[in-house]
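Structural description and commentary
Read off the chains here:
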Amino acid sequence: MNLLLLNPSDFISENSVRLTGRALKHVLDVHRAEVGDTLRVGLINDLMGEGVITSLSKEFMELDVALSEQAPEPLPLTVLLALPRPKMLKRSLQHLATLGVKKIILLNSYRVEKSFWQSPWLSEEKINEQLVLGLEQARDTFLPEVIQEKRFKPFVEDRLPELMEGKQGLVAHPVGGSSCPHQVNEKVVLAIGPEGGFIPYEVEKLEEAGFDRIHLGARILRVETAVTAITSKLFD
Ligand code: SAH
């Protein structure tokens, strides 16, 4: 945790907060902080700055906070992610939030197991927990928007065209296509497949919607590795 994310409900006066739970545990166990120490803090969807610990116990801690810095620029990237299994979903959400992606669409695909859509990790609360971990890692405050699209075809045909306006569409697929472009100066919508990959029909539907097929070489990467590698090539 490189930044402690605060919620408006944490404030007990204009410039001081009281924290319990996960944040307190982290500060005690990992930072081993003491009264008088300064921590990096940020208010969710707002400014960042510093907090000085004024009181610390096993029950709660209080900090005086000063918020004046802007969060880093978001990445001009929307990610369409075929819904991964819960363990990978958690990691992928954290990675995407850390990288600065602000719009994530979890998409159904033929090779997504139906049971993944029943996962408790898809509740808004659980998704936000992972996003907050990613933001705290990156030192960012703005929560990405996460949309769930449980039907591939209606999404691609009816809602994707509007989402694509003014953006370049790229579908990451290990076979065919061209090498992932470098340093694009455009907004991008990037589609990443499930563990089993997109089926040919899905790649074709995305191509019909204006996506270009791109690859990162012959090695098959995990979803979160693929997204990280592609992002760093696109927005060096
Ligand atoms: N077994 C699948 C691989 C799936 S990997 C197959 O052979 O197609 C999961 C997703 O990560 C892929 O659908 C793709 O979007 C992305 N990915 C992984 N490795 C990649 C590579 N070398 N190039 C482009 N995309 C890749």
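Residues numbered from 1 in each chain as written. Predicted model: local features only at pLDDT ≥ 70, side-chain atom pairs only at ≥ 80, totals over all residues. Heavy atoms only, no water.

Examining the overall build of the chain
Stated precisely, the cut-off is as follows: A run of DSSP states H or I qualifies as a helix once it reaches four residues; a run of E qualifies as a strand once it reaches two. Both are numbered from the N-terminal end. Relative accessibility thresholds used throughout: buried, under 20% of the residue-type maximum; exposed, over 50%; partly exposed, between the two (1.4 Å probe, protein chains only). Whether two residues touch is decided by their heavy atoms; if any such pair falls within 4.5 Å, the residues are in contact. Working convention for charge: Lys and Arg count positive, Asp and Glu count negative, and His plus the chain ends are omitted. Every charge is mapped to an atom, namely NZ of Lys, CZ of Arg, CG of Asp or CD of Glu.
Looking only at helices and strands, the chain features six helices and 13 strands. Across its three principal axes, the chain shows a C-alpha extent of roughly 60 × 40 × 35 Å. Here the chain holds 236 residues, and 44% of them are scored as buried. Excluding contacts between residues fewer than 6 apart, the proportion of contacts in the chain whose partners are at least 24 apart in sequence is 70%. When the 27 basic and 33 acidic side-chain charges of the chain are each reduced to a single mean position, those positions are 8 Å apart.

Observations regarding the nonpolar core
Put simply, the rule is: By nonpolar core we mean a set of buried residues, namely Ala, Val, Leu, Ile, Met, Phe, Trp, Tyr and Cys, connected to one another through side-chain atoms within 4.5 Å. Reported domain spans reflect what an automatic or database domain assignment gives.
L80, L106, L160, L190, L206 and F211 are the most contacted members of the largest nonpolar core, which totals 56 residues. In terms of residue count, the dominant contributor to this core is helix α4 (residues 152–164) (six residues). Two domains each put at least three residues into this core: domain 1 (4–69) and domain 2 (77–234). Residues within four places of L160 in sequence aside, it is in contact with L80, F155, L206, A209 and F211. Within the second largest apolar cluster, 15 residues are counted, among which are L6, V17, L19 and V41.

Description of the packing of aromatic side chains
Where two aromatic rings form a pair, the distance of their centres and the angle of their planes describe that pair. Stated formally: Note on aromatic contacts: the rings of Phe and Tyr and the six-membered ring of Trp form a pair at centre separations within 6.5 Å, being stacked when their planes are under 30 degrees apart, edge-to-face when over 60 apart, and tilted otherwise. Working rule: Lys NZ or Arg CZ, within 6 Å of ring centre, within 35 degrees of ring normal, means a charge sits over the ring.
Across all of its chains, the model carries zero aromatic pairs by this definition. In this arrangement the basic side chain of K90 is found over the ring face of W121, its NZ or CZ atom lying 3.9 Å from the centre. Sitting over the face of the ring of W121, K126 holds its NZ or CZ atom 5.1 Å from the ring centroid.

A short note on the pairing of strand β4 (residues 38–43)
The test is simple: If DSSP finds at least two bridges between two strands, the strands pair.
Across three bridges, strand β1 (residues 4–6) lies against β4 in parallel orientation. Paired with L6 across the bridge in β4 is L43. For β4 and strand β5 (residues 48–56), the ladder comprises five bridges, and the chain directions are antiparallel. Looking across to β5, one finds that V41 is bridged to G49. Counting the residues between successive antiparallel strands, the hairpin from β4 to β5 contains four residues, one of them, N45, with a positive phi of roughly 60 degrees.

Some points on the sheet that holds strand β2 (residues 11–13)
Within a sheet, neighbouring strands are paired by backbone hydrogen bonds and run either parallel or antiparallel to one another. Operational definition: Axis lines are fitted to C-alpha atoms, over the contacting stretch for helices. Their N-to-C directions set the angle, which ranges from 0 to 180 degrees.
On the basis of which strands lie adjacent, the open sheet formed by six strands has the order β1-β4-β5-β6-β3-β2 and mixed pairing. Edge positions in the sheet fall to β1 and β2, since each has one partner strand and no second. On average, adjacent strands in this sheet sit at an angle of 40 degrees to one another, irrespective of strand direction. Two elements, strand β3 (residues 16–19) and strand β6 (residues 61–69), share four bridges in a ladder whose sense is antiparallel. Note that in β6 the partner of V17 across the bridge is L63.

As for the domain arrangement of the chain
Heads up, the rule is: Computed with a 1.4 Å rolling probe, the buried area is the accessible surface lost when two parts are put together, summed over both parts. Any Lys or Arg side-chain nitrogen found within 4 Å of a carboxyl oxygen on Asp or Glu counts as a salt bridge. The term polar contact refers here to a pair of N or O atoms within 3.5 Å; inside protein, the definition further demands a hydrogen-donor-capable atom paired with an acceptor-capable atom, and it admits residues adjacent in sequence only when both atoms are side-chain atoms.
For the chain, the assigned domains are domain 1 (4–69) and domain 2 (77–234). Taking only C-alpha atoms, the centre of domain 1 and the centre of domain 2 are 33 Å apart. If you look at the interface, domain 1 gives eleven residues, while domain 2 gives nine residues. Both faces combined, the contact of domain 1 with domain 2 buries some 830 Å², and carbon together with sulfur accounts for 60% of it. The largest share of the area that domain 1 buries against domain 2 comes from L5, R22 and N45, three residues that together contribute 57% of it. If you look at where domain 1 meets domain 2, you find one salt bridge. One salt bridge in this structure joins E136 and R22, with 2.9 Å as the shortest N-O distance. Linking domain 1 to domain 2 there are five residue pairs in polar contact (both at pLDDT 80 or more). Elements with a contribution of two residues or more to the side of domain 1 that touches domain 2: β1 and β4. Among the elements that make up the side of domain 1 that touches domain 2, the one with the highest residue count is β4 (three residues).

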